[in-house]
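Structural overview
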Protein chains: 4
Amino acid sequence: MLSFESDYILGAHEKILDALVRTNGEQLSGYGNDPHTENACRLIKNACHAPEADVFLLMGGTQVNKTVIATLLKPYEGVIAPTTGHVSLHEVGAIEYTGHKVIELPQHDGKLSPSEVREYMNTFYGDENNGMMVVPGMIYISHPTEYGTLYTLSELRELRAIADEYGMRLFMDGARLGYGLMSKNTDVTLPDIAQLCHVFYIGGTKVGALCGEAVVFAKGVAPTRFHSLMKQHGALTAKGRLLGVQFETLFTDGLYFDISRNAIDRAEELKSLLLSCGYELFIASPTNQQFVVLTDAEMGRIKDKCRFSFWERIDSERCVVRFATSYATTSEDIAALARILKGC
Amino acid sequence: MLSFESDYILGAHEKILDALVRTNGEQLSGYGNDPHTENACRLIKNACHAPEADVFLLMGGTQVNKTVIATLLKPYEGVIAPTTGHVSLHEVGAIEYTGHKVIELPQHDGKLSPSEVREYMNTFYGDENNGMMVVPGMIYISHPTEYGTLYTLSELRELRAIADEYGMRLFMDGARLGYGLMSKNTDVTLPDIAQLCHVFYIGGTKVGALCGEAVVFAKGVAPTRFHSLMKQHGALTAKGRLLGVQFETLFTDGLYFDISRNAIDRAEELKSLLLSCGYELFIASPTNQQFVVLTDAEMGRIKDKCRFSFWERIDSERCVVRFATSYATTSEDIAALARILKGC
Amino acid sequence: MLSFESDYILGAHEKILDALVRTNGEQLSGYGNDPHTENACRLIKNACHAPEADVFLLMGGTQVNKTVIATLLKPYEGVIAPTTGHVSLHEVGAIEYTGHKVIELPQHDGKLSPSEVREYMNTFYGDENNGMMVVPGMIYISHPTEYGTLYTLSELRELRAIADEYGMRLFMDGARLGYGLMSKNTDVTLPDIAQLCHVFYIGGTKVGALCGEAVVFAKGVAPTRFHSLMKQHGALTAKGRLLGVQFETLFTDGLYFDISRNAIDRAEELKSLLLSCGYELFIASPTNQQFVVLTDAEMGRIKDKCRFSFWERIDSERCVVRFATSYATTSEDIAALARILKGC
Amino acid sequence: MLSFESDYILGAHEKILDALVRTNGEQLSGYGNDPHTENACRLIKNACHAPEADVFLLMGGTQVNKTVIATLLKPYEGVIAPTTGHVSLHEVGAIEYTGHKVIELPQHDGKLSPSEVREYMNTFYGDENNGMMVVPGMIYISHPTEYGTLYTLSELRELRAIADEYGMRLFMDGARLGYGLMSKNTDVTLPDIAQLCHVFYIGGTKVGALCGEAVVFAKGVAPTRFHSLMKQHGALTAKGRLLGVQFETLFTDGLYFDISRNAIDRAEELKSLLLSCGYELFIASPTNQQFVVLTDAEMGRIKDKCRFSFWERIDSERCVVRFATSYATTSEDIAALARILKGC
């Protein structure tokens, strides 16, 4: 059945599979000490224009979030995140499990407001009693956010300035980073991100890989013995080649960007289709996730012919649902959806 | 100087000191295995009308909060607390340090709203995605709250009903419990609390003791090997007599209640005085902490003659300050304050 | 170059790769809610003769060890392990990071001695002071061990009896379980293990998969909300199919056992070759890892022609090295090694 | 009954009680911001000849151990301790609960052997595989040890040299430090300790106080925001005066040393008595704890007339028991014991 359920319903892009098959017989050392991993890290640093960055390959997003946050924060520090942040809401308290508070600030279409972060910090350092409080040591943002929205370059610069002013780190969760970079409505490039964030990651799992996220630490930011810390967090892969080969492929000949661009192009077609059919968009998402308001009746009619994700209920008659495109979504898929929607 | 700075500016009530002196030469076993501790626990259970409760004596409030919460929650559970709760704000993330999320709900004069807790739980269990979320396993309240306010018997009953319905524990932080019990505006008794809370503690440090808090677990609630868990948390006192003798004294001949009643009586006089002088109360506190709105000019005039606590700034000209009474506050102190306020 | 460096130098068995390619285009739900994962778990339960077991698929061994141990132990409990156990020595303190002590007992060829475990428990429960001590709540063993050795059925039965007697869980780390099961010198079957262990895992990474370990909990042993706990530990894979498809393949038509048997057959040939060449075996390993004593001179001559792992130094002239076979080792490889060894 | 059960069977030295009574009515700020605490810290720094040290007052020994170790170690580090160390054995895994491994090395009369520590470190840094291992970041010793024994100045110097060589901290648990300093058989002074240890603590609870341990960090060693970290660990006392007044008293006019000297003098008398009665000393303890070998028959006869502590069983007929002296032990007590022993 036609499916827009998520961007991780398929296996991997065929070039990735091909590369895994092609390299399968190579005898390689484990734990990331292999030439594919080395090459992948080099290619990523090139794409970031950050030759002195440190790149590490981990398996999944929550794993990255908890390993990075726990190893960069001091024991008395917590991480600022929007109330809808993945680390705030949907990781079963993985950050708290490492001993650190997620300091939740209001979200605006999934984003933190730089001015509210600044105000929080002003108030914090103005409070005589802050010796009894968790010190904010990091700002966590996702880009795209959980609602598909994006920070502007100006907002990222402001967040970095606040971070610098108050001795915090700026950390970007890029589980869907490719879709952010290829959006038609962004002024933020990968080198911008590499320059402005102390640490961020480039999502593979939701952008065409079987698994894997590439963490990029700006020069000098990576914790000492980070490989050991990954092991301690259960985040070091014995057959590191599995990650190395995939990211090597994604960052050869711009595949990562091509994959992402396709998803964006299809998402734009999807958005036009939805609007032309008279549906209301819940949020103005410039990336591959589109959030639509449907009545229960509409939802009932569509769901027998096409898969999508239930997001949340608005009132007794209407819900928000999500349609996601991916590397594999075709214009034919959008056309098929058009027939369904117009027939409903 | 006349001081209403806090309820812990003095040492201990003289009967407590006398008892420490009187028993000083007794040869006693350590770690709470002494007759004074045993007697204190018996007296507390009697006062609670809870002969089958389990009582443990610990040193301080944060220590109690983290030890109780960490040992009662399952690994995937967190604790619901108001945004202004002590565990939310003023314990340097001690709860998160034990691996558990504090799930912050809005505060209303320092209190949780039972209906908002219920709504949160309904939404939580209605969310298909809650397998990715921290499960609320406990409701934390303080009584009196950080703003001196109190829950009604009806509210406590409702919170307990919600806790039972959703498999949560109800935990009351009673750092200032005596002042709550002796308030003129409460319908809640100690046996009510012992019946309605799965666990609560009776504060000593802020109610006339040098140190110490008595944790009361309802029948069957105390974790297995709680003494060992106290040790693991650095919360087991070698000379347990220090706590045993103090609580034995506090719960002999109603001293705990007498101390608390004096603070309440003086607080009522203080409140009348403040109102008669035309000051605005920031909040209607029925306990020993009174929060007053002062202009900067008023604050400046008073603070040379009398100590109080700065609480928070309202606007560019006005602040909230706190006056606290205690076991040692006398009517003469209130009269002296009257002279100061009227002279200012 | 001919390599016996480890059993994870290659990618995956070709049937696994084929299955990943074949299923790549299927639209599947994430987080293990897909039919391949379901089928893999069913096949594993069948192979274990344990229809009521609970099976979960995780990414790697350390991840399994820390997630299983942390979620089964009570806060005051620790895990007994041999001093050479993987959790004792080579996981950067991953177990302690979750808050639990690894109680190290002496190792004998990599194994715990059941009688020493029993003696430890007798002493522990005979010690009046054990309220200040970590309670042993689990026995961790690996099978094969880090030295390739195996427990006998009788030893496993005794360890389980001790565990039952003292309220402990018996946990088997089976990172190389297949090689243990297919050994010529074992009386232990997979159903025996499923019956005797409270929990164990079937290693994939070192037995022909790209990644993945299958954790099997005996009936009723799995922690509540284990999926959520996996997420909290960063151990839940978004594209669960990656694990599901691999284990489905390994447990279809006995592939897991065939792979393992090949490694054992080659290891036996290897052992004969080594002995016939006059080398001394460091330990009598009945599985796919063979530990050989070499002089520095011998090591120097061989290592230009064939890869192996340095294990440890014995004295100023001699070392222990490891030769490992795998699913892909052929009789031709052994013959090639024979030519090298005889030429050296 | 005559009792040598422990050095914490009584309350506090009378000068301490007097000081608590005398200062009880002073209005003082909380959390250690009071002049008695300030003065106590100054006096301690003077006694240590360490004007630039940082001194903090905590409640008890396990609390100090876990707070100091957890806040000084990096996430991938563990602490070396003897197998009989308090942190290894008798704190219910409090150190592991903070996420760090206790690396247990052999004990020799309760002590670490510097040469064995050095050998461990050599081996560790010579191991190619140490990226998978916990890095030793601290050496924990107790002085006196759990067996009453003492390090020599030369041993302490060697441990410090090893610590410096390998980037470790040297931490001394001084729960009974006074008895070590006043021993007839020591060449170690308090300024020596302050110079050689990165951090140590001066025990109060077992040396005449009701509670309290004074942690001394050498210049520059104390973690940033240590007061906040104490709060996070539940180790910050609201009425800090309770600790400040006690340590102020102990370090005025040499009371701490006088108390300790009395215990040592009585212990020497006790040792002579035991030897003259023909009893065998289990260990040659130069401090206030004496370990004696008794047959079951002897133990039975004595225990009706005098209290002591059972330590451990040697064989089916003999045990080790402990006699401890304290600030309050008198020569009359020793004479009374002589009558008992000679009558038995």
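These numbers were taken from a predicted model, which means no experiment stands behind them.

For the rest of this paragraph, the subject is the relation of the copies chain A and chain C. Taken together, a rotation about one axis and a shift along it account for how the two chain copies relate. When chain A is brought onto chain C, the operation consists of a screw motion whose angular component is 180 degrees and whose axial shift is 0.1 Å, with 0.1 Å RMSD remaining. Expressed as an axis order, the relation between the two copies is that of a two-fold axis. Here 100% of the interface residues in chain A have copies in chain C that are interface residues too; the copies meet face to matching face.

As a further point, take the sheet that holds strand β13 (residues 318–324) of chain A. All names here are of chain A. Taken together, four strands build an open sheet; the order of strands is β9-β10-β13-β12 and the sheet is antiparallel. Pairing within the sheet leaves two strands with one partner each, and these edge strands are β9 (280–281) and β12 (309–313). Direction of pairing for β12 relative to β13: antiparallel, over a ladder of four bridges. Among the inter-strand pairings, Arg-313 is bridged to a residue of β13, identified as Cys-319.

Locating Ser-3 of chain D in the fold gives a position in strand β1 (residues 2–3). Accessibility expressed as a relative area gives 12% for Ser-3 of chain D, which makes it buried. A distance of 3.2 Å separates a polar side-chain atom of Ser-3 of chain D from the backbone nitrogen of Glu-5 of chain D. The contacts of Ser-3 of chain D, once residues within four sequence positions are left out, are Gln-27 of chain B together with Ile-9 and Arg-307 of chain D.

Residue and element names in this part refer to chain B. Orientation of helix α6 (residues 114–126) relative to helix α7 (residues 153–165), taken along the N-to-C sense of each, is 10 degrees, at an axis distance of 9 Å. Compared by their axis directions, α6 and α7 come out roughly parallel. On the side of α6, the interface is formed by Pro-114, Ser-115, Val-117, Arg-118 and Met-121, while α7 contributes Glu-155, Glu-158, Leu-159, Ile-162 and Glu-165. Classifying every residue of the contact of α6 with α7 by side-chain character gives five nonpolar, one polar and four charged.

Considering soluble globular proteins, one finds that nonpolar side chains tend to be buried as a cluster. Judged by nonpolar contacts, the single largest core of 134 residues is most densely connected at Phe-200 and Ile-202 of chain A together with Phe-200 and Ile-202 of chain C. Not counting the four nearest positions on each side in its chain, Phe-200 of chain A is found in contact with Cys-48, Phe-171, Met-172, Leu-177, Leu-190, Ile-193, Ala-194, Ala-214, Val-215 and Val-216 of chain A. Residues Ile-80 and Leu-159 of chain B together with Leu-10 and Leu-181 of chain D belong to the second largest nonpolar core, which totals 133 residues.

This paragraph deals with helix α14 (residues 331–343) of chain C. Residue and element names in this part refer to chain C. The end-to-end C-alpha distance of α14, which contains 13 residues, comes to 18 Å, matching closely the 18 Å that a straight helix rising 1.5 Å per residue would cover. Within α14 the residues assigned to the buried category are Ile-334, Ala-336, Leu-337, Ala-338, Ile-340 and Leu-341. Check the buried side of α14 and you find it contacts β1 (2–3), α12 (255–276), α13 (296–303), β11 (306–307) and β13 (318–324).

Residue placement: Pro-75 of chain C occurs in the loop between α3 (61–72) and β3 (77–82). Classification of Pro-75 of chain C as partly exposed rests on a relative accessible area of 32%. Distance from Pro-75 of chain C to Gly-85 of chain C, taken between C-alpha atoms, is 22 Å for residues 10 residues apart in sequence. Excluding residues that lie within four positions of it along the chain, Pro-75 of chain C makes contacts with Leu-229 and Gln-232 of chain B together with His-100 of chain C.

Listed by partner, the interface residues are 48 residues for chain A and 48 residues for chain C. Where chain A abuts chain C, roughly 4000 Å² becomes buried across the two surfaces, and 56% of that area is made up of carbon and sulfur atoms. A per-residue breakdown of the area chain A buries against chain C is headed by Tyr-97, Gln-232 and Lys-239 of chain A, which together make up 19% of the total. On inspection of chain A and its partner chain C, the count reaches zero salt bridges. Taken together, chain A and chain C are joined by 22 residue pairs in polar contact (both at pLDDT 80 or more). Elements supplying a minimum of two residues to the side of chain A that touches chain C: α1 (14–22), α3 (61–72), α5 (94–97), α10 (226–232) and α11 (241–250) of chain A. The biggest single contributor to the side of chain A that touches chain C is α3 of chain A, with four residues.

What follows is about the pattern of salt bridges. Under the definition given, this model contains 60 salt bridges over all chains. In this structure, Arg-266 of chain A and Glu-269 of chain A form a salt bridge, with 2.8 Å as the shortest nitrogen-oxygen distance. Here Glu-269 of chain A and Arg-266 of chain A lie together in helix α12 (residues 255–276), a separation of three residues that amounts to about one turn. Residue Lys-219 of chain B pairs with Glu-52 of chain B through a salt bridge whose shortest N-O separation is 3.4 Å. With Lys-219 of chain B in the loop between β8 (213–217) and α10 (226–232) and Glu-52 of chain B in the loop between α2 (35–48) and β2 (54–58), the pair connects residues that are 167 residues apart, well separated along the chain. Taken together, the shared-partner salt bridges in this structure form one network comprising Glu-96 and Glu-104 of chain A together with Lys-101 of chain B.

Let us look at the sheet that holds strand β10 (residues 289–295) of chain C. For sheets, the rule is that strands pair by backbone hydrogen bonds, running either parallel or antiparallel. Residue and element names in this part refer to chain C. Strand order in the open sheet formed by four strands is β9-β10-β13-β12, and the pairing between neighbours is antiparallel. Since the sheet does not close on itself, it has two edges, and those belong to β9 (280–281) and β12 (309–313), each with one partner. Pairing between β9 and β10: two bridges, direction antiparallel. Along β10, the bridge assignment pairs Leu-281 with Val-292. The strands touched by α13 within the sheet are β10, β12 and β13, with β10 carrying the most contacts at an inclination of about 115 degrees.

A cis amide bond, omega -5 degrees, links His-143 of chain A with the succeeding residue Pro-144 of chain A. Considering the arrangement of structural elements, one finds Pro-144 of chain A in the loop between β5 (135–142) and α7 (153–165). One non-glycine residue, Asp-253 of chain B, lies in positive phi territory at about 55 degrees. Relative to the elements of secondary structure, Asp-253 of chain B occurs in the loop between α11 (241–250) and α12 (255–276).

Looking at the secondary structure, you find Asn-24 of chain C in the loop between α1 (14–23) and α2 (35–48). What makes Asn-24 of chain C buried here is its relative accessible area of 12%. The residues contacting Asn-24 of chain C, other than those within four sequence positions of it, are Leu-10, Gly-11, Ala-12 and Leu-17 of chain A together with Arg-241 of chain C.

What follows deals with the packing of aromatic side chains. Enumeration according to the criterion identifies 60 aromatic pairs over all chains in this entry. Ring geometry for Phe-291 of chain A versus Trp-311 of chain A: centroids 5.1 Å apart, planes at 65 degrees, classification edge-to-face. Taken as a pair, Phe-291 of chain A in strand β10 (residues 289–295) and Trp-311 of chain A in strand β12 lie far apart in primary sequence, 20 residues in all. Assessed through its relative accessible area of 0%, Phe-291 of chain A is described here as buried. Pairwise contacts between aromatic rings join Phe-4, Phe-308 and Phe-323 of chain A into one cluster. Sitting over the face of the ring of Tyr-151 of chain B, Lys-111 of chain B holds its NZ or CZ atom 5.3 Å from the ring centroid.

Scoring rules and cut-offs
Residues numbered from 1 in each chain as written. Chains lettered and ligands numbered in written order. Predicted model: local features only at pLDDT ≥ 70, side-chain atom pairs only at ≥ 80, totals over all residues. Heavy atoms only, no water. Least-squares fit on C-alpha atoms with pLDDT ≥ 70 in both. Contact = heavy atoms within 4.5 Å. Pairing = 2+ DSSP bridges. Helix = DSSP H or I, 4+ residues; strand = E, 2+ residues; numbered from the N terminus. Buried < 20%, exposed > 50% of the residue type's maximum accessible area, 1.4 Å probe, protein only. Polar contact = N/O pair within 3.5 Å; in protein donor to acceptor, adjacent residues only side chain to side chain. Axes fitted to C-alpha atoms, helices over the stretch in contact; angles between N-to-C directions. Parallel < 35°, antiparallel > 145°, perpendicular 65-115°, else oblique. Nonpolar A, V, L, I, M, F, W, Y, C, P; charged D, E, K, R; others polar. Core = buried A, V, L, I, M, F, W, Y, C linked by side-chain atoms within 4.5 Å. Expected span 1.5 Å × (residues − 1). Buried area = accessible area lost by both parts, 1.4 Å probe. Salt bridge = Lys/Arg side-chain N within 4 Å of Asp/Glu carboxyl O. Phe/Tyr/Trp six-rings, centres within 6.5 Å; stacked < 30°, edge-to-face > 60°. Lys NZ or Arg CZ within 6 Å of the ring centre and 35° of its normal.

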